[in-house]
Amino acid sequence: KQEVTQIPAALSVPEGENLVLNCSFTDSAIYNLQWFRQDPGKGLTSLLLIQSSQREQTSGRLNASLDKSSGRSTLYIAASQPGDSATYLCAVRWDKLSFGAGTTVTVRA
Amino acid sequence: GAVVSQHPSRVICKSGTSVKIECRSLDFQATTMFWYRQFPKQSLMLMATSNEGSKATYEQGVEKDKFLINHASLTLSTLTVTSAHPEDSSFYICSAPTDPRRYTFGSGTRLTVV
């Protein structure tokens with residue numbers, strides 16, 4: 001069964017600390033993997049998209065890595081800010097897009 | 001960039017009534033639209049895939065008679081929750097592929113059935 005898992009479910013850090021969010025998936029034959037941000041009661045904002053042939057993607061303070069063989073992706077957010085507080089969702093595309101339950105991040109000022 | 005406009009953002013309805021949720025692709029043609037449901041602190045679950053001009057494909061366990069999906073044009077897909085009950089209260093969100101690799105999501109609809 002193709003599943004996506006995100007641990008921990010919640011994370012609280014002081015402002016300025018680097019964030020490390022983990023995503024694991026059960027089937028390495030992925031098409032791509034995407035990280036999203038979701039604010040409370042809102043839709044999804046795409047952060048980074050990694051194709052199956054890629055090892056990482058970077059955008060500003062965000063960096064996402066992909067290791068298909070171990071079924072893992074990690075989202076790094078450097079120098080966290082209170083505005084980074086949100087839920088971060090990992091989504092893996094096999095034939096369809098499957099989501100993890102997310103990690104809710106709180107950055108304390 | 002590509003935008004999917006979803007309305008309403010919030011709706012409260014009485015038990016037994018029907019509610020329609022619309023998703024429009026604003027600057028691209030969406031031949032396919034995906035509909036998801038999200039319970040609090042849980043992941044998005046794919047409910048169904050709508051295709052313009054043909055019947056929607058429902059995921060296992062989703063009642064097609066309760067969740068009616070219509071995709072009558074290349075820019076509009078609708079989800080109607082029929083005879084809504086409190087257990088249908090949830091966050092519903094649509095998405096459309098904007099290129100072969102990427103999906104764009106609507107802003108979601110919070111449905112509360114009282």
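Here the structure is shown first, and the text comes after it.
So, a few notes on the structure that sits alongside this text. Because the structure is a prediction, the values reported are computed rather than measured.

## As for the sheet that holds strand β6 (residues 56-59) of chain A
Residues and elements named next belong to chain A.
So, step 1. On the basis of which strands lie adjacent, the open sheet formed by five strands has the order β1-β3-β8-β7-β6 and antiparallel pairing. A single partner strand is all that each edge strand has here, and the edge strands are β1 (4-7) and β6. Sheet twist, expressed as the mean angle between neighbouring strand axes with direction ignored, is 15°.

## Here we look at the nonpolar core
So, step 1. Among the nonpolar cores identified, the biggest contains 25 residues, and W35, F67 and L111 of chain B are the most heavily contacted of them.
So, step 2. Among residues more than four places away in sequence, those in contact with L111 of chain B are V11, C13, V19, V81, D88, S89, S90 and Y92 of chain B.
So, step 3. Residues V13, C23, I30 and L75 of chain A belong to the second largest nonpolar core, which totals 23 residues.

## Some details on the state of the cysteines
All names here are of chain B.
So, step 1. Enumeration according to the criterion identifies two disulfides over all chains in this entry.
So, step 2. What pairs with C23 in a disulfide is C94, and their sulfur atoms sit 1.8 Å apart. Between C23 and C94 the disulfide shows an S-S torsion of about -95°. By sign, it is left-handed. You can see C23 sitting in strand β3 (residues 19-25) and its partner C94 sitting in strand β9 (residues 90-99), a full 71 residues away along the chain. The same class applies to C23 as to C94, namely buried.
So, step 3. Here C13 is not disulfide-linked; the sulfur of C23 is the nearest cysteine sulfur, at 17 Å.

## What to know about the interface of chain B and chain A
So, step 1. At the junction of the two partners, chain B supplies 18 residues and chain A supplies 19 residues.
So, step 2. When the buried area of chain B at its contact with chain A is split by residue, R101, Y103 and F105 of chain B rank highest and sum to 35% of it.
So, step 3. One can count one salt bridge joining chain B with chain A.
So, step 4. Across the pair K96 of chain A and E59 of chain B runs a salt bridge, and its minimum N-O distance is 2.6 Å.
So, step 5. Linking chain B with chain A are four residue pairs in polar contact (both at pLDDT 80 or more), by the criterion used here.
So, step 6. If you list the elements that add at least two residues to the side of chain B that touches chain A, you get β4 (32-38), β5 (44-51), β9 and β10 (102-105) of chain B.
So, step 7. For the side of chain B that touches chain A, the element with the most residues is β10 of chain B, which contributes three residues.
So, step 8. Partitioned by chemical class, the residues of the side of chain B that touches chain A number eight nonpolar, five polar and five charged.

## Topic: the layout of surface pockets
So, step 1. Of the pockets and cavities examined, the largest pocket occupies roughly 700 Å³.
So, step 2. Taken together, 25 residues make up the lining of the largest pocket; nearest its centre are L44, M45, L46, E59 and Q60 of chain B.
So, step 3. When residues of the lining of the largest pocket are traced back to their parent elements, those giving at least two are β10 (97-99) of chain A together with β5 of chain B.
So, step 4. Of the voids in this model, the second largest pocket is the one considered here, and its volume is about 490 Å³.
So, step 5. Residue lining of the second largest pocket: 24 residues in total, with Q38, T87 and T104 of chain A together with P40 and K41 of chain B positioned closest to the centre.
So, step 6. Contributing elements (two or more residues each) for the lining of the second largest pocket: β9 (86-93) and β11 (103-108) of chain A.

## Brief notes about the packing of aromatic side chains
So, step 1. The final tally for this structure, using the stated rule, is seven aromatic pairs over all chains.
So, step 2. With 5.8 Å between their ring centres and 40° between their planes, F36 of chain A and F99 of chain A make a pair best called tilted. Taken together, the positions of F36 of chain A in strand β4 (residues 32-38) and F99 of chain A in strand β10 put the pair 63 residues apart, joining distant regions of the chain. For the pair formed by F36 of chain A and F99 of chain A, the shared burial category is buried.
So, step 3. Taken together, a centroid distance of 5.3 Å and an interplanar angle of 70° make the contact between F34 of chain B and Y103 of chain B edge-to-face. Here F34 of chain B, found in strand β4, pairs with Y103 of chain B, found in strand β10; they are 69 residues apart in sequence, far enough to count as distant. Exposure class is identical for F34 of chain B and Y103 of chain B. Each is buried.
So, step 4. Of the aromatic side chains, those joined through ring pairs into one cluster are F36 and F99 of chain A together with Y36 and F105 of chain B.

About the thresholds
Residues numbered from 1 in each chain as written. Chains lettered and ligands numbered in written order. Predicted model: local features only at pLDDT ≥ 70, side-chain atom pairs only at ≥ 80, totals over all residues. Heavy atoms only, no water. Pairing = 2+ DSSP bridges. Helix = DSSP H or I, 4+ residues; strand = E, 2+ residues; numbered from the N terminus. Axes fitted to C-alpha atoms, helices over the stretch in contact; angles between N-to-C directions. Core = buried A, V, L, I, M, F, W, Y, C linked by side-chain atoms within 4.5 Å. Buried < 20%, exposed > 50% of the residue type's maximum accessible area, 1.4 Å probe, protein only. Contact = heavy atoms within 4.5 Å. Disulfide = S-S within 2.5 Å. Buried area = accessible area lost by both parts, 1.4 Å probe. Salt bridge = Lys/Arg side-chain N within 4 Å of Asp/Glu carboxyl O. Polar contact = N/O pair within 3.5 Å; in protein donor to acceptor, adjacent residues only side chain to side chain. Nonpolar A, V, L, I, M, F, W, Y, C, P; charged D, E, K, R; others polar. 1 Å grid on protein atoms, 1.4 Å probe; cavity = no way out; pocket = protein on both sides within 12 Å on 5 of 7 lines; lining within 4 Å. Points joined across faces, edges and corners; volume = space filled by probe spheres on them. Phe/Tyr/Trp six-rings, centres within 6.5 Å; stacked < 30°, edge-to-face > 60°.

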